[in-house]
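# A closer look at the structure
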Amino acid sequence: MMKGFVFDLDGVLADTAKYHYIAWKQLAMEIGITIDEAFNEQLKGISRKESLARILAYGGKSRDFSEEELTALAEKKNRQYVELLEQLTPADALPGVTLFLAEARAQNIPCSVASASKNAPFILNKLALDDYFVGVVDPSALNKGKPHPEIFVKAAALMRLQPNEVIGFEDAQAGIDGIKACGMYAVGIGEAKQLKGADRLISDLTEISIEELISL
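Quick caveat, the model's predicted, so the values are computed rather than measured. Just so you know, the residues in each chain are numbered from 1, in the order the chain's sequence is written. The predicted nature of this model means local features are confined to residues of pLDDT at least 70 and side-chain atom pairs, given and counted, to a pLDDT of 80 or more, with totals for whole chains, interfaces and linings taken over all residues. Each side-chain value is worked out from all heavy atoms of the structure, with water and hydrogens disregarded.

Here the focus is the layout of surface pockets. Put simply, the largest pocket is a space of about 610 Å³. Listed by contribution, the elements that provide at least two residues to the lining of the largest pocket are α1 (17-30), α3 (48-58) and α4 (67-85). When its residues are assigned to classes, the lining of the largest pocket shows nine nonpolar, twelve polar and ten charged. Here a cavity denotes a set of grid points, spaced 1 Å apart and computed over the protein atoms alone, in which a 1.4 Å probe fits but from which it cannot get out, and a pocket denotes an open set meeting protein on both sides within 12 Å along at least five of seven lines; residues with an atom within 4 Å of a point are reported as lining. Grid points are joined across faces, edges and corners, and a volume is the space filled by probe spheres set on the points. Numbering of helices and strands starts at the N terminus; helices are DSSP runs of H or I of at least 4 residues and strands are runs of E of at least 2. Residues are sorted three ways: Asp, Glu, Lys and Arg are charged, Ala, Val, Leu, Ile, Met, Phe, Trp, Tyr, Cys and Pro are nonpolar, and all the rest, Gly among them, are polar.

A few words on the pattern of salt bridges. One speaks of a salt bridge when a side-chain nitrogen belonging to Lys or Arg is within 4 Å of a carboxyl oxygen belonging to Asp or Glu. Applying the stated criterion to the full structure yields ten salt bridges. Between Lys126 and Glu86 there is a salt bridge, with its nearest N and O atoms 3.4 Å apart. Within this pair, whereas Lys126 is found in helix α6 (residues 120-126), its partner Glu86 is found in the loop between α4 and α5 (97-106), the two being separated by 40 residues in sequence. Counted as one network, the salt bridges with shared partners bring together Asp8, Lys146 and Glu170.

Moving on, we come to the packing of α1 against α3. In this description, a line fitted to the C-alpha atoms serves as the axis of each element, helices being fitted only across the stretch in contact, and the angle between N-to-C directions of two axes falls anywhere from 0 to 180 degrees. Direction vectors running N to C along α1 and α3 enclose 45 degrees, while the axes themselves pass 11 Å from each other. Judged by the angle between their axes, α1 and α3 are oblique. Crossing of α1 against α3: the hand is right-handed. Judged by residue contacts, Trp24, Leu27 and Ala28 of α1 engage Arg48, Ser51, Leu52 and Ile55 from α3. Our angle categories are set so that under 35 degrees counts as roughly parallel, over 145 as roughly antiparallel, 65 to 115 as roughly perpendicular, and the remainder as oblique. Left-handed describes a crossing in which the near helix is turned anticlockwise from the far one by less than a right angle; the clockwise case is right-handed. A contact between two residues is defined here by any heavy atoms of the two lying within 4.5 Å.

This brings us to the packing of aromatic side chains. Aromatic pairing here means that ring centres of Phe, Tyr or Trp (its six-membered ring) are within 6.5 Å. Orientation follows from the plane angle: under 30 degrees is stacked, over 60 is edge-to-face, and everything else is tilted. Within the structure shown, the criterion is met by eight aromatic pairs. Among the aromatic residues, those joined into a cluster by ring pairs are Phe5, Phe7, Phe100, Phe133 and Phe169.

On to the side chain of Asn40. Assignment of secondary structure puts Asn40 in helix α2 (residues 37-40). Other than its neighbours up to four places away in sequence, Asn40 contacts Ala17 and Tyr21.

Mapped onto the elements, Asp64 comes out in the loop between α3 and α4. In this structure, the C-alpha to C-alpha distance between Asp64 and Gln26, residues 38 residues apart in sequence, is 18 Å.

Next up, the structure:
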(Lines give C-alpha, C1' and ligand atoms only; values in the text may rest on other atoms or scores of the structure.)
Protein backbone atom coordinates (compact mmCIF):
# COMPACT_ATOMS: atom_id res chain seq x y z
CA MET A 1 0.00 0.00 0.00
CA MET A 2 1.24 3.47 -0.88
CA LYS A 3 1.65 5.85 2.05
CA GLY A 4 2.73 9.23 0.66
CA PHE A 5 2.87 11.56 -2.34
CA VAL A 6 5.77 13.55 -3.79
CA PHE A 7 5.08 16.40 -6.18
CA ASP A 8 7.15 18.35 -8.62
CA LEU A 9 5.97 21.97 -8.70
CA ASP A 10 6.22 23.59 -12.13
CA GLY A 11 3.58 22.08 -14.41
CA VAL A 12 2.20 19.79 -11.70
CA LEU A 13 0.92 22.04 -8.92
CA ALA A 14 0.89 25.28 -10.91
CA ASP A 15 1.70 26.50 -14.40
CA THR A 16 4.79 28.46 -13.43
CA ALA A 17 6.71 27.01 -16.38
CA LYS A 18 5.39 29.84 -18.54
CA TYR A 19 7.14 32.37 -16.31
CA HIS A 20 10.39 30.42 -16.58
CA TYR A 21 10.07 30.57 -20.35
CA ILE A 22 9.43 34.33 -20.39
CA ALA A 23 12.45 34.98 -18.17
CA TRP A 24 14.80 32.63 -20.05
CA LYS A 25 13.69 33.96 -23.42
CA GLN A 26 14.39 37.54 -22.32
CA LEU A 27 17.82 36.65 -20.94
CA ALA A 28 18.70 34.67 -24.07
CA MET A 29 17.75 37.61 -26.29
CA GLU A 30 20.01 39.90 -24.29
CA ILE A 31 23.02 37.70 -25.07
CA GLY A 32 22.10 37.14 -28.71
CA ILE A 33 20.34 33.77 -28.54
CA THR A 34 16.79 33.07 -29.70
CA ILE A 35 14.87 30.22 -28.06
CA ASP A 36 11.32 29.07 -28.67
CA GLU A 37 8.76 27.02 -26.77
CA ALA A 38 9.92 23.79 -28.40
CA PHE A 39 13.46 24.33 -27.09
CA ASN A 40 12.06 25.33 -23.71
CA GLU A 41 10.76 21.77 -23.25
CA GLN A 42 14.40 20.77 -22.68
CA LEU A 43 14.60 23.06 -19.66
CA LYS A 44 11.73 21.53 -17.71
CA GLY A 45 12.66 19.78 -14.49
CA ILE A 46 16.33 20.78 -14.46
CA SER A 47 18.29 23.30 -12.43
CA ARG A 48 18.88 26.96 -13.24
CA LYS A 49 22.58 26.29 -13.86
CA GLU A 50 21.89 23.40 -16.22
CA SER A 51 19.19 25.38 -18.04
CA LEU A 52 21.64 28.23 -18.69
CA ALA A 53 24.27 25.77 -19.89
CA ARG A 54 21.82 24.27 -22.39
CA ILE A 55 20.82 27.71 -23.69
CA LEU A 56 24.45 28.72 -24.18
CA ALA A 57 25.25 25.45 -25.94
CA TYR A 58 22.22 25.91 -28.19
CA GLY A 59 23.44 29.39 -29.13
CA GLY A 60 27.06 28.34 -29.57
CA LYS A 61 28.20 30.49 -26.65
CA SER A 62 29.26 27.87 -24.10
CA ARG A 63 32.76 29.33 -23.77
CA ASP A 64 31.87 33.00 -23.92
CA PHE A 65 31.34 33.62 -20.20
CA SER A 66 33.37 33.26 -17.01
CA GLU A 67 31.99 31.48 -13.95
CA GLU A 68 31.28 34.85 -12.37
CA GLU A 69 29.39 36.01 -15.45
CA LEU A 70 27.41 32.76 -15.55
CA THR A 71 26.39 33.24 -11.92
CA ALA A 72 25.33 36.82 -12.66
CA LEU A 73 23.28 35.73 -15.68
CA ALA A 74 21.49 33.02 -13.68
CA GLU A 75 20.73 35.49 -10.90
CA LYS A 76 19.41 38.04 -13.39
CA LYS A 77 17.04 35.47 -14.84
CA ASN A 78 15.84 34.51 -11.38
CA ARG A 79 15.13 38.12 -10.40
CA GLN A 80 12.87 38.53 -13.42
CA TYR A 81 11.22 35.18 -12.73
CA VAL A 82 10.48 36.12 -9.12
CA GLU A 83 9.01 39.44 -10.27
CA LEU A 84 6.68 37.52 -12.59
CA LEU A 85 5.71 35.17 -9.73
CA GLU A 86 4.31 38.09 -7.78
CA GLN A 87 1.26 37.74 -10.05
CA LEU A 88 0.44 34.30 -8.64
CA THR A 89 -2.70 33.75 -6.56
CA PRO A 90 -4.41 30.59 -5.21
CA ALA A 91 -6.48 30.58 -8.41
CA ASP A 92 -3.30 29.65 -10.33
CA ALA A 93 -3.14 26.17 -8.83
CA LEU A 94 -3.74 23.65 -11.61
CA PRO A 95 -7.09 21.79 -11.87
CA GLY A 96 -7.76 19.39 -9.02
CA VAL A 97 -4.63 20.29 -7.04
CA THR A 98 -6.17 21.97 -4.00
CA LEU A 99 -8.93 19.38 -3.61
CA PHE A 100 -6.48 16.49 -4.01
CA LEU A 101 -4.14 17.90 -1.35
CA ALA A 102 -7.02 18.62 0.99
CA GLU A 103 -8.26 15.04 0.65
CA ALA A 104 -4.77 13.69 1.26
CA ARG A 105 -4.52 15.73 4.45
CA ALA A 106 -7.97 14.56 5.57
CA GLN A 107 -6.77 10.96 5.16
CA ASN A 108 -3.47 11.66 6.98
CA ILE A 109 -1.42 10.95 3.87
CA PRO A 110 1.76 13.06 3.93
CA CYS A 111 2.90 15.04 0.91
CA SER A 112 6.25 16.64 0.05
CA VAL A 113 7.70 18.66 -2.81
CA ALA A 114 10.66 17.67 -4.99
CA SER A 115 11.31 20.65 -7.25
CA ALA A 116 14.48 21.95 -8.87
CA SER A 117 13.16 25.45 -8.17
CA LYS A 118 14.78 27.30 -5.28
CA ASN A 119 11.64 29.44 -5.26
CA ALA A 120 9.34 26.56 -4.35
CA PRO A 121 8.51 27.76 -0.80
CA PHE A 122 7.68 31.24 -2.12
CA ILE A 123 5.47 29.82 -4.88
CA LEU A 124 3.63 27.47 -2.52
CA ASN A 125 2.94 30.40 -0.21
CA LYS A 126 1.55 32.50 -3.08
CA LEU A 127 -0.71 29.57 -4.06
CA ALA A 128 -1.80 29.06 -0.41
CA LEU A 129 -0.67 25.43 -0.65
CA ASP A 130 2.29 25.42 1.75
CA ASP A 131 0.32 24.06 4.70
CA TYR A 132 -0.46 20.86 2.80
CA PHE A 133 3.18 19.70 2.72
CA VAL A 134 5.34 18.23 5.47
CA GLY A 135 8.42 19.55 3.69
CA VAL A 136 10.13 20.83 0.57
CA VAL A 137 13.50 19.45 -0.55
CA ASP A 138 16.13 22.19 -0.72
CA PRO A 139 17.68 21.84 -4.21
CA SER A 140 20.81 23.70 -3.10
CA ALA A 141 21.57 20.80 -0.73
CA LEU A 142 21.60 18.22 -3.52
CA ASN A 143 24.74 16.67 -4.97
CA LYS A 144 23.01 15.93 -8.28
CA GLY A 145 19.85 17.24 -9.92
CA LYS A 146 17.17 15.41 -11.87
CA PRO A 147 17.22 12.89 -13.52
CA HIS A 148 19.32 11.64 -10.60
CA PRO A 149 16.94 10.18 -7.97
CA GLU A 150 18.49 11.98 -4.97
CA ILE A 151 15.79 14.66 -4.70
CA PHE A 152 13.02 12.03 -4.65
CA VAL A 153 14.78 9.90 -2.05
CA LYS A 154 15.07 13.00 0.17
CA ALA A 155 11.43 13.90 -0.47
CA ALA A 156 10.40 10.44 0.75
CA ALA A 157 12.66 10.82 3.79
CA LEU A 158 10.92 14.08 4.72
CA MET A 159 7.79 11.96 5.15
CA ARG A 160 9.75 9.21 6.94
CA LEU A 161 8.93 6.80 4.12
CA GLN A 162 10.86 4.58 1.76
CA PRO A 163 10.69 5.43 -1.98
CA ASN A 164 8.75 2.25 -2.75
CA GLU A 165 6.00 3.46 -0.40
CA VAL A 166 5.58 6.72 -2.32
CA ILE A 167 3.91 7.92 -5.52
CA GLY A 168 5.66 10.69 -7.46
CA PHE A 169 3.96 13.22 -9.74
CA GLU A 170 5.96 14.79 -12.58
CA ASP A 171 5.48 16.56 -15.92
CA ALA A 172 9.08 16.31 -17.21
CA GLN A 173 11.07 13.34 -18.50
CA ALA A 174 13.97 14.13 -16.16
CA GLY A 175 11.57 13.86 -13.25
CA ILE A 176 9.99 10.62 -14.38
CA ASP A 177 13.45 9.13 -14.82
CA GLY A 178 14.43 10.18 -11.30
CA ILE A 179 11.23 8.81 -9.79
CA LYS A 180 11.66 5.42 -11.44
CA ALA A 181 15.36 5.25 -10.60
CA CYS A 182 14.58 5.16 -6.87
CA GLY A 183 11.71 2.70 -7.11
CA MET A 184 8.72 5.03 -6.83
CA TYR A 185 5.48 4.69 -8.75
CA ALA A 186 5.46 7.47 -11.36
CA VAL A 187 2.44 9.48 -12.46
CA GLY A 188 3.12 11.60 -15.53
CA ILE A 189 0.93 14.68 -15.47
CA GLY A 190 0.05 17.50 -17.85
CA GLU A 191 0.13 17.57 -21.62
CA ALA A 192 3.38 15.61 -21.85
CA LYS A 193 1.78 12.44 -23.15
CA GLN A 194 5.15 11.45 -24.59
CA LEU A 195 6.62 10.83 -21.12
CA LYS A 196 8.50 7.54 -21.20
CA GLY A 197 8.49 5.15 -18.27
CA ALA A 198 5.55 6.66 -16.38
CA ASP A 199 3.32 4.07 -14.73
CA ARG A 200 0.26 6.24 -15.31
CA LEU A 201 -0.43 9.26 -17.54
CA ILE A 202 -3.08 11.86 -16.70
CA SER A 203 -3.92 15.36 -17.87
CA ASP A 204 -4.46 16.72 -14.36
CA LEU A 205 -5.32 15.62 -10.83
CA THR A 206 -9.06 15.58 -11.50
CA GLU A 207 -8.53 12.32 -13.41
CA ILE A 208 -7.29 10.24 -10.51
CA SER A 209 -8.47 9.47 -6.98
CA ILE A 210 -6.55 9.04 -3.78
CA GLU A 211 -8.37 5.78 -3.12
CA GLU A 212 -7.08 4.11 -6.28
CA LEU A 213 -3.57 5.42 -5.69
CA ILE A 214 -3.11 4.25 -2.12
CA SER A 215 -4.35 0.78 -3.04
CA LEU A 216 -1.57 0.24 -5.58
